[in-house]
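So the chains spell out like this:
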Amino acid sequence: MGLFDFVKTIGKKIFGPGEDPAEKIKAMIAADNPGVENLEVTFENGVVQLGGTPKSSDALEKAILMAGNVLGVGEVKLAGSVGAAPSDDTQYHIIVSGDTLSGIAKKYYGDANKYPKIFEANREVIKDANLIFPGQKIRIPKI
């Protein structure tokens, strides 16, 4: 599963019947603006398409993860006008039942006490370090 693929049946529920998913996703990303100017969002059949001007590959990765970790989203695509590209150096982790941020830090860094690095890199997706859910995709930053 690559950066742009997500578990469609798992994620944060932000829209319901009769609501415009694209507008809800756009508002959610804009509220925690990770650094994407002129953000454009479309949604069709579980696929989100993001457009705009990200200030960095880091900002783009955060916007992709924010959109993808929404219930009903199975894939995120980039509009042709997006200037930055996701970094090839960033690792991603899909949370499974029983995972904790400290356990994930131990797996990737060899030190459970480095979990704040993961939490900080995913602030837009993880609001509370103790509340992560299976199927959620997060970034594992280089240290």
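Placed above this text is the structure.
Residues numbered from 1 in each chain as written. Predicted model: local features only at pLDDT ≥ 70, side-chain atom pairs only at ≥ 80, totals over all residues. Heavy atoms only, no water.

1. So, the packing of aromatic side chains
Considering all chains together, one arrives at one aromatic pair under this definition. With 5.6 Å between their ring centres and 65° between their planes, Phe-15 and Phe-43 make a pair best called edge-to-face. You can see Phe-15 sitting in the segment before helix H1 (21-31) and its partner Phe-43 sitting in strand S1 (residues 36-44), a full 28 residues away along the chain. Residue classification places Phe-43 among the partly exposed residues on the basis of a relative accessible area of 24%. Across from the ring centre of Phe-6, 4.6 Å away, lies the NZ or CZ of Lys-137, which sits over that ring. (Phe/Tyr/Trp six-rings, centres within 6.5 Å; stacked < 30°, edge-to-face > 60°. Helix = DSSP H or I, 4+ residues; strand = E, 2+ residues; numbered from the N terminus. Buried < 20%, exposed > 50% of the residue type's maximum accessible area, 1.4 Å probe, protein only. Lys NZ or Arg CZ within 6 Å of the ring centre and 35° of its normal.)

2. Considering the layout of surface pockets
The computed volume of the largest pocket comes to approximately 250 Å³. Lining the largest pocket are 13 residues, with Lys-12, Glu-124, Val-125, Ile-126 and Lys-127 positioned closest to its centre. Split by residue class, the lining of the largest pocket holds six nonpolar, two polar and five charged. (1 Å grid on protein atoms, 1.4 Å probe; cavity = no way out; pocket = protein on both sides within 12 Å on 5 of 7 lines; lining within 4 Å. Points joined across faces, edges and corners; volume = space filled by probe spheres on them. Nonpolar A, V, L, I, M, F, W, Y, C, P; charged D, E, K, R; others polar.)

3. What to know about the sheet that holds strand S3 (residues 75-78)
Here we have three strands laid out as an open sheet, ordered S1-S2-S3, and mixed in their pairing. Looking at strand neighbours, the two that pair on one side only are S1 and S3, the edges of this open sheet. Each neighbouring strand pair of the sheet contributes to a mean axis angle of 25°, computed without reference to strand direction. One ladder, built from four bridges, connects strand S2 (residues 47-54) with S3; its direction is parallel. Bridge pairing in S3 places Leu-50 opposite Leu-78. (Pairing = 2+ DSSP bridges. Axes fitted to C-alpha atoms, helices over the stretch in contact; angles between N-to-C directions.)

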